[in-house]
Amino acid sequence: MSELTAASSYRPTGNPYVNDTPYHRPLDAERLSRIKWDQPLSEEGLLSDESLVVNRLLMNIYESDALFLPSSGLAGKEKQFEEFYGRKARLHSDIVRPVAESYVFDSLGADVRINGRWDCDALEAHVLAAIDEAVNDDRPALRAIEQAADPRRAAEMMIAQMALDGLTEATAMSQNLGGAYGPEQSEVFKIFIDEFGYGVFDAKHSTLFVELCRSVGMSAEPHHYWFSYLPSWMAGNNYFYKVTKNRSEFFRYIGGMAFLEATFAPSFAAMTKTFRAVYGDGIDTRYFDEHAHIDQHHGRMAVNDLLLPLARKHGDFAIRELLRGIEDVRALGRLNDADLVGQLTWRPEAVTADTGSRDDRDDPREIDSGTPFETMVSDHDMTVSVLSGTAALHWSATGEPLEVTAGQAVRVPRGRLYGLRSEGGATLAFTRSATRAGS
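A few points on the structure. Since the structure is predicted, the reported quantities are computational estimates derived from the model, not experimental observations.

**Looking at the overall build of the protein**
Next, step 1: The helix and strand inventory of the protein stands at 13 helices and eight strands.
Next, step 2: For 439 residues, the compact-globule formula gives about 22 Å, and the C-alpha radius of gyration of the protein, at 22 Å, lands near that figure.
Next, step 3: Expressed as lengths along the three principal axes of its C-alpha atoms, the size of the protein is roughly 70 × 50 × 45 Å.
Next, step 4: Each of the 439 residues in the protein was classed as buried or not, and the buried ones make up 55%.
Next, step 5: For the protein, restricting intrachain contacts to residue pairs at least 6 apart in sequence, the fraction spanning at least 24 positions comes to 81%.
Next, step 6: Here the protein displays about 19000 Å² of accessible surface, and carbon together with sulfur accounts for 51% of that area.
Next, step 7: Counting 45 positive and 65 negative side-chain charges, the protein places the centres of these two groups 2 Å from one another.

Here you go:
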């Protein structure tokens, strides 16, 4: 682990954004060193700081199997390219990956029991009921954007989460294109080539996502918003890499993918409505509009031509694994909503600090322009007080940070993502409540 995280690709930075390279993905080696790898996260633990740092690690491992080239060209970045994809890094990644996967995902869906007799008819009834529930459910993240004090900032935080998949869409799916598994293989390929615009770059889904970003003034460089990713959204993205990387989890992939494809169309249609209300006619919504259209077909294909035929052909094991994939993805979706809504509805404010002596206050911490920038998830309700200097609190992908000056403090609720910087230097004190997140 220490050899992997010591690579220059994962070195710390003082910048809250990652610029002009797809190969720099900062990892906090010190926080990773404290992970208790033999104690997997609970499902609720996927919202924790431990989840944040390990999912960053996993994403780097998975994406070192995918090709990234800088949009500005490789000249001057050849060494970064060679190190990120080098043999030594791959060896270390292959050793670490199963341990990290187990830590993040072993408890996912643990409260769901697939008992009793499950046949194709029961599977079909279950998946159709799950799809109907999802299609008709409320969309709390969109409601949170519409009701936010700053709807643009809230919308851009959601776009930053969507960039995890949007800029590399169908990369995980591509891992199941090879081999030989019958006519269902061709059905996967049909969906894949739609995602890639039938070979037309301008119609490729990730190209449409780039244009969405540009139309609202956001960066379309991979992982520019590295420090703004929420742990649950990274876990959701990593899940699909996991179940395509591990061939024995193929049926879980099909179950999860079919469920999503069958529920995407109305979700993306609702996104178009919300984002147009926020941005007006200046936003390029073709990414949303394309999914609202094509995923009506993908949903039918994924359920009728993939999921059900695979269940009929491969029997009990396949049926239970298909169900497992559906339920895993439903659980991840609930966590995604809770995590994002919590972040969107938190609007930090600077208030006068409590100057009294506090037994639950950590030792003061100094930060300055040379301190590596990091974001973390608070595991307690916490108050950050500025004892001297000025600190900037970052809590969203875009917009100005909150300036907190000497004598002021800001409350950080448990479970919320935040980062602190100071150009001129600041002394900070952290006072935690007695209740830990997840308790």
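The rest of the description comes next.
**Topic: helix α11 (residues 231–245)**
Next, step 1: Given a rise of 1.5 Å per residue, 15 residues ought to cover 21 Å, and the 20 Å separating the end C-alpha atoms of α11 matches this to within 8%.
Next, step 2: Among the 15 residues in α11, 14 count as buried, and that is most of the element.

**Here's the deal with the environment of Leu57**
Next, step 1: When you line up the elements, Leu57 lands in helix α3 (residues 49–63).
Next, step 2: When the C-alpha positions of Leu57 and Lys77 are compared, they lie 22 Å apart, and in sequence the two are 20 residues distant.
Next, step 3: Leaving out residues up to four positions away in the same chain, Leu57 has contacts with Met1, Leu4, Leu27, Leu32, Trp37, Val96 and Ala100.

**Topic: the pairing of strand β5 (residues 402–405)**
Next, step 1: Burial along β5 is one-sided: Leu402 and Val404 are buried, and none of Glu403 and Thr405, which face the opposite way, are.
Next, step 2: Pairing analysis gives four bridges linking strand β4 (residues 380–394) to β5, with the strands arranged antiparallel. Within β5, the residue paired with Leu393 across the bridge is Leu402.

**Quick notes on unusual backbone geometry**
Next, step 1: For Ala170, which is not glycine, the phi torsion reads 75 degrees and is therefore positive.
Next, step 2: Position of Ala170 among the secondary structure elements: in the loop between α8 (151–166) and α9 (183–195).
Next, step 3: Phi is positive for Tyr198, which is not a glycine, with a value near 50 degrees.
Next, step 4: Considering the arrangement of structural elements, one finds Tyr198 in the loop between α9 and α10 (205–215).

Cut-offs used in this document
Residues numbered from 1 in each chain as written. Predicted model: local features only at pLDDT ≥ 70, side-chain atom pairs only at ≥ 80, totals over all residues. Heavy atoms only, no water. Helix = DSSP H or I, 4+ residues; strand = E, 2+ residues; numbered from the N terminus. Rg over C-alpha atoms; globule rule 2.2 N^0.38 Å. Buried < 20%, exposed > 50% of the residue type's maximum accessible area, 1.4 Å probe, protein only. Contact = heavy atoms within 4.5 Å. Areas by Shrake-Rupley, 256 points an atom, 1.4 Å probe, with all protein chains shown as cover. Lys, Arg positive; Asp, Glu negative; His and termini not counted. Charge placed at Lys NZ, Arg CZ, Asp CG, Glu CD. Expected span 1.5 Å × (residues − 1). Pairing = 2+ DSSP bridges.

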